[in-house]
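# Breakdown of the fold
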Protein chains: 2
Amino acid sequence: MANDAGSLTPRAEDFPRWYQEVVAGAEMADNGPVRGTMVIRPWGFGVWELLQGELDRRIKEAGAENAYFPLFIPESFLGLEKEHVEGFSPETWVVTHGGGKPLEEPVIVRPTSETVVNHFFAKWIQSHRDLPLLINQWSNVVRWEMRTRLFLRTSEFLWQEGHTAHATEAEATDYAVRILRDTYLDTIESVMRIPTFVGLKTDRERFAGAVRTWACEGMMGDGKALQLGTSHELGQNFARAFDIQYADEEGTRRYVYQTSWGASTRLIGGLIMVHGDDFGLRLPPALAPSQVVVMVVRADEHTGAAAAAIADELRRSGLRVRIDDQTATSFGRRAIDWERKGVPVRIEIGPRDLAEEKAVVVSRFDRSKRSVGLSALASEVRGTLEATSAALHREALDFRDEHSTPVANLAETLEACASGFAIVPWSEVGEAGEDALAEAGITVRCLQRADGSLPGVGEDALVAVVGKSY
Amino acid sequence: MANDAGSLTPRAEDFPRWYQEVVAGAEMADNGPVRGTMVIRPWGFGVWELLQGELDRRIKEAGAENAYFPLFIPESFLGLEKEHVEGFSPETWVVTHGGGKPLEEPVIVRPTSETVVNHFFAKWIQSHRDLPLLINQWSNVVRWEMRTRLFLRTSEFLWQEGHTAHATEAEATDYAVRILRDTYLDTIESVMRIPTFVGLKTDRERFAGAVRTWACEGMMGDGKALQLGTSHELGQNFARAFDIQYADEEGTRRYVYQTSWGASTRLIGGLIMVHGDDFGLRLPPALAPSQVVVMVVRADEHTGAAAAAIADELRRSGLRVRIDDQTATSFGRRAIDWERKGVPVRIEIGPRDLAEEKAVVVSRFDRSKRSVGLSALASEVRGTLEATSAALHREALDFRDEHSTPVANLAETLEACASGFAIVPWSEVGEAGEDALAEAGITVRCLQRADGSLPGVGEDALVAVVGKSY
């Protein structure tokens, strides 16, 4: 990996290596001592806290309430829903000892919480008046993974998982789609600034235990796909397995219809891979733990005071601002570090600038510098932040459009997926086509209408967004 | 346990049973399917989210940054600090299998994160410029427990754990005390409204691996103590075990001095046991997920609209307000439920009230009711909330004072601890006295100055706060 003072491996040369170097160089995360686990360092966790806040607000606006279910699940629970156990059994971590003795029944460390949540839904739901029941949980989950990569695929990750129960199938569908659109798509597009394809997963790709999976898919800087958030309709699969019934207005007992949905720290991996450049991370302002860093160029009483005054003014206008007055470290070294961390705006202030009542404003987006009068600084910074947010999305959208090719058949699909996505009529692929694509490491990311909108349930004439993926 | 419609077991009759009934009746938590685990239901989790927010803000004001360390810790890590391993080994849950195969080295599910955090501190700390390093983590931890009780002692609980490294012992002491006072004591007193004793733990009671433990101790409604938050000075114990050294300004390598500190979902148990009464929970307004519930007495178009208008007005003034218009359920049943959940203010509005442009305001603190003109409602509600916050603290303080007895020797200590705390000169107890107390199930909760303030390090002439405890 690049040494600290040196430059990063260029993205175009070796994308996976560049990714690793950015994660390390921006001090986002480290590998944990146990296979595939991850330490999220303060800078990475600061991004996660902001992202969590954005998602949590939207989840609550959708009427769900937060709760917390146990980390440990009896091994027998997993077996209660057939597809679910087949999907998750090979991935579990199992606790066999507690308090120095073997346990009577081994417990699994949750890979996801459908089973334990539904065990309680069966107790809590009696009447139609208990519906809809809309629950969300923020937690850690673990899965045994053979090949791990920080944020993208780790043995333990942080996420939210929503679990809901509804009286009718139509309500469950509406809610699953509402979460996909108003919570995930809105956060990913308007906060993370990642252009997003939305649609239905094929049967092959849907969640183990679901009847329908809705997904958000982004294109990374190497043309590969990353699944960014999924919302599942579980039908009555878990309701039957866990006996979750309600009495309707006539007193007839009926099984509920359910959804579950999740988004994880994987999103941070997507953020890095979409917006990062050869100089490191570029953070959208809404997710930058510090949106502005005010750098004191050389130690000097006046400069320090001026930096503090500038920081105060910007903070008063609601921005997250950090002062860097660590002048024992070289200016160049510090500038490179902030660049690597992706702080959207750097303000450089030295004695010469100050004598002219000016400061230098550097935009992380395009690394442009401009000398700005102190009185105009706040509005210049605000303008640069807004422009950054728009430009990051524009650039990512242009990249995705250039690397998404409408094609007519399976052969052309394979060709287009060498460098990005293929958009192909689903009728040209089908389940047999999916098998053929899988042999080349390619999957259908989602099915959508030709205009890119979400299909209705049971709708035909869809196009498939196809590509390699993480 | 009390049936849903019936009343709770009186506190005075059977305190533990009353506690269980309140936790269940207020829908705070349920027992999980695996031994000693807990489901925190939305009402309980709503309290936790508010408490977390208060603690988190103060932790950040103290300069610490949030991060996340892995759930799984190699078994060998625990053995690196001698006292620590002796304290925690018997309490661990151990994962022996992953991905369907036995692991090469078993991993423990974290009971606390000192070992894994310090493994990374050793990598991150090189120079005096890296100090102080101030890290906090919000997470779940697990401990094998023989006898569990929801919130108070559970196999898995949620908490924050802070970990810091400093250049000098004095800085570490200052920081440990700062966290105790500005984060824990301030939150517990001013937000939770629990009167708190603060002081040093005796050697017998300090954290496994610490040189000094500072603690906040509250008195519950049955006269027993609950430890509410602790802040530990670790000296150089972990620094030596994990080789955490920094180069000082002269380039000499030195071991850091450290602190760790934590507060958990146990605080919610304390909140219930201090403020609850025979009708259920009573929440301090700062921690009530809904501070006001506007109850529609009988279904009626005008009443519904009036309730919505009242709720809107209160929300605009910054309050958390819920409307209860579930008139299919009897009014009495609903009123009992909100009372059990401890919502500080209930507004009851029916057609007759409305005809007179009035509503009934009920204070949960003393269950007093008063009829108030609609135009005065907002100021009445604000006044009631302020009075509730003050009255809960006052009542708890009076109770604690009545049940804390200054005594002169060990015999009197034993007597006083039958109904509450004894305050006794530490010189009258000493380590031999502690052993004698332990046989009666009594412990020294903390050592403090005679005026109740925190002692300085090495200070003599302290008094011991002594009692039974959870």
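Residues numbered from 1 in each chain as written. Chains lettered and ligands numbered in written order. Predicted model: local features only at pLDDT ≥ 70, side-chain atom pairs only at ≥ 80, totals over all residues.

With that out of the way, let us pick up the overall build of chain A. A tally of regular secondary structure across chain A gives 14 helices and 23 strands. Of all 470 residues assigned to chain A, the portion counted as buried reaches 51%. (Helix = DSSP H or I, 4+ residues; strand = E, 2+ residues; numbered from the N terminus. Buried ≥ 20, exposed ≤ 12 C-beta atoms within 10 Å, placed from the backbone.)

Least-squares fitting of chain A to chain B yields an RMSD of 0.0 Å, with the transformation described by 0.0 Å of translation along the axis and a rotation of 180°. On the angle and the small slide along the axis, the relation comes out as a two-fold axis. Residues of chain A ranked by C-alpha distance from the rotation axis are headed by Val95(A), positioned 2.0 Å from it. (Least-squares fit on C-alpha atoms with pLDDT ≥ 70 in both.)

Here the focus is the packing of helix 2 (residues 42–61) of chain B against helix 6 (residues 169–191) of chain B. Residues and elements named next belong to chain B. At a minimum axis distance of 9 Å, the contact between helix 2 and helix 6 shows a crossing angle of 145°. The two elements helix 2 and helix 6 cross, and the hand of that crossing is right-handed. Side by side, helix 2 and helix 6 meet where Glu 54, Leu 55, Arg 58 and Ile 59 of the first sit next to Asp 182, Thr 183, Asp 186, Thr 187 and Val 191 of the second. When the residues that make up the contact of helix 2 with helix 6 are grouped by side-chain class, the tally is 3 nonpolar, 2 polar and 4 charged. (Axes fitted to C-alpha atoms, helices over the stretch in contact; angles between N-to-C directions. Left-handed = near helix turned anticlockwise from the far one by under 90°. Contact = placed C-beta atoms within 7 Å. Nonpolar A, V, L, I, M, F, W, Y, C, P; charged D, E, K, R; others polar.)

If you look at the biggest cluster of nonpolar residues, it comprises 281 residues, and the most contacted ones within it are Ile349(A), Val466(A) and Val466(B). The element best represented in this core is helix 6 of chain B, accounting for 10 residues. The residues contacting Ile349(A), other than those within four sequence positions of it, are Val294(A), Met295(A), Val296(A), Val297(A), Thr303(A), Ala306(A), Ala307(A), Ile310(A), Leu354(A) and Ala359(A). (Core = buried A, V, L, I, M, F, W, Y, C linked by C-beta atoms within 7 Å.)

Further remarks concern the sheet that holds strand 19 (residues 369–373) of chain B. Residues and elements named next belong to chain B. If you walk across this open sheet you meet the 5 strands as 16-15-17-18-19, and the pairing is mixed. Of all strands in the sheet, those bounded by a partner on one side alone are strand 16 (321–324) and strand 19. Looking at each pair of strands side by side, their axes are set apart by 25° on average, direction ignored. Contacts from helix 9 (residues 301–316) reach strand 15 (292–296), strand 16, strand 17 (345–349) and strand 18 (358–363) within the one sheet, and its direction differs from that of strand 15 by about 170°. Contacting strand 15, strand 17, strand 18 and strand 19, helix 12 (residues 377–402) runs over the sheet at an angle of about 5° to strand 18. (Pairing = 2+ DSSP bridges.)

A word on the pairing of strand 9 (residues 196–200) of chain A. Residue and element names in this part refer to chain A. Counting buried positions over the 5 residues of strand 9 gives 5, a clear majority of the element. Judged from the 5 bridges that link them, strand 9 and strand 10 (residues 212–219) form a sheet pairing that is antiparallel. Directly across from Thr 196, in strand 10, lies its bridge partner Gly 218.

What follows deals with the interface of chain A and chain B. Chain A puts 45 residues into the contact, and the matching count from chain B is 45 residues. Ranked by the residues each element gives to the side of chain A that touches chain B, the list is headed by strand 5 (residues 93–98) of chain A, at 6 residues. Tallied by class, the residues present in the side of chain A that touches chain B amount to 28 nonpolar, 10 polar and 7 charged. Where strand 5 of chain A lies against strand 5 (residues 93–98) of chain B, 5 bridges are found, and the strand directions are antiparallel. Looking at strand 5 of chain B, one finds that His97(A) is bridged to Val94(B).

Turning to helix 10 (residues 331–341) of chain A, a few remarks are in order. All names here are of chain A. Those residues of helix 10 not exposed but buried are Arg 334, Trp 338, Glu 339, Arg 340 and Lys 341. Packed against the buried residues of helix 10 are helix 1 (15–25), helix 2 (42–61), strand 15 (292–296), strand 16 (321–324) and strand 17 (345–349). Where helix 10 terminates, the next one or two residues include Gly 342, which has phi positive at roughly 80°.

Our focus in this paragraph is unusual backbone geometry. With an omega dihedral of -10°, the bond running from Leu131(A) to Pro132(A) counts as a cis peptide bond. Mapped onto the elements of the fold, Pro132(A) is located in the loop between helix 5 (114–124) and strand 7 (133–142). At Phe151(A), a residue that is not glycine, the phi angle is positive and equals roughly 70°. Tracing the chain through its elements places Phe151(A) in the loop between strand 7 and strand 8 (156–166). Since 25 C-beta atoms lie within 10 Å of it, Phe151(A) is described here as buried. In this structure, Glu27(B) is a non-glycine residue whose phi angle is positive, near 55°. Here Glu27(B) is to be found in the loop between helix 1 (15–25) and strand 1 (29–31). Judged by C-beta crowding, with 15 C-beta atoms within 10 Å, Glu27(B) ranks as partly exposed.

Per-residue pLDDT for chain A averages 95, and the proportion of residues at 70 or more is 99%. Scored as a complex, the prediction yields pTM 0.96 and ipTM 0.96. (pLDDT = per-residue confidence, 0-100.)

Time to look at helix 14 (residues 426–439) of chain A. Because each turn of an α-helix spans 3.6 residues, side chains separated by three or four positions end up pointing in the same direction. Residues and elements named next belong to chain A. Here helix 14 is 14 residues long and its end C-alpha atoms lie 18 Å apart, about the 20 Å a rise of 1.5 Å per residue gives. Of all the bends in helix 14, the largest measures some 75° and sits at Gly 433. Buried within helix 14 are the following residues: Trp 426, Val 429, Glu 434 and Leu 437. Packed against the buried residues of helix 14 are helix 13 (410–416), strand 21 (421–425), strand 22 (443–448) and strand 23 (463–467). One or two positions beyond helix 14, positive phi appears at Gly 441, with a value near 75°. (Expected span 1.5 Å × (residues − 1). Bend = angle between axes of the 7 residues up to and from the residue.)

Moving on to the environment of Trp18(A). Residue and element names in this part refer to chain A. Within the element layout of this structure, Trp 18 appears in helix 1. On the neighbour-count criterion, Trp 18 (26 C-beta atoms within 10 Å) is buried. In this structure the C-alpha to C-alpha distance between Trp 18 and Gly 280, which are 262 residues apart in sequence, comes to 8.6 Å. In this structure, Trp 18 is in contact with Leu 8, Thr 9, Pro 10 and Arg 11, ignoring residues within four places of it in sequence.

This paragraph deals with the pairing of strand 16 of chain A. Strand residues, when the strand is regular, have side chains that alternate between the two faces of the sheet. Residue and element names in this part refer to chain A. Bridge analysis of strand 15 against strand 16 gives 4 bridges, and the strand direction is parallel. The partner of Met 295 across the bridge, within strand 16, is Asp 324. Between strand 15 and its parallel partner strand 16, the chain crosses via helix 9 (residues 301–316), and the hand of that crossover is right-handed. (Right-handed = clockwise from strand over helix to strand, strands pointing away.)

Okay, the sheet that holds strand 6 (residues 101–109) of chain B next. In any sheet, the strands associate via hydrogen bonds between backbone groups, in a parallel or an antiparallel arrangement. If you walk across this open sheet you meet the 6 strands as 4(A)-6(A)-5(A)-5(B)-6(B)-4(B), and the pairing is antiparallel. Each of the sheet's edge strands pairs with one partner strand only, and the pair in question is strand 4 (72–74) of chain A together with strand 4 (72–74) of chain B. Averaged over neighbouring strand pairs, the angle between their axes works out to 45° when direction is ignored.

With that settled, the discussion passes to the environment of His119(A). Mapped onto the secondary structure, His119(A) falls in helix 5. The buried category is assigned to His119(A), around which 23 C-beta atoms lie within 10 Å. Each C-alpha atom, one on His119(A) and one on Ala390(A), is 45 Å from the other, the two residues being 271 residues apart in sequence. Apart from the residues within four sequence positions on either side, His119(A) is in contact with Phe77(A), Phe242(A) and Pro33(B).

Segmentation of chain A into domains returns domain 1 (15–275), domain 2 (285–400) and domain 3 (423–467). For domain 2 of chain A versus domain 3 of chain A, the distance between C-alpha centres works out to 45 Å. (Domains from an automatic or database assignment.)

Right, let's get into the environment of Asp398(A). Along the chain, Asp398(A) falls in helix 12 (residues 377–402). Each C-alpha atom, one on Asp398(A) and one on Pro195(A), is 9.4 Å from the other, the two residues being 203 residues apart in sequence.

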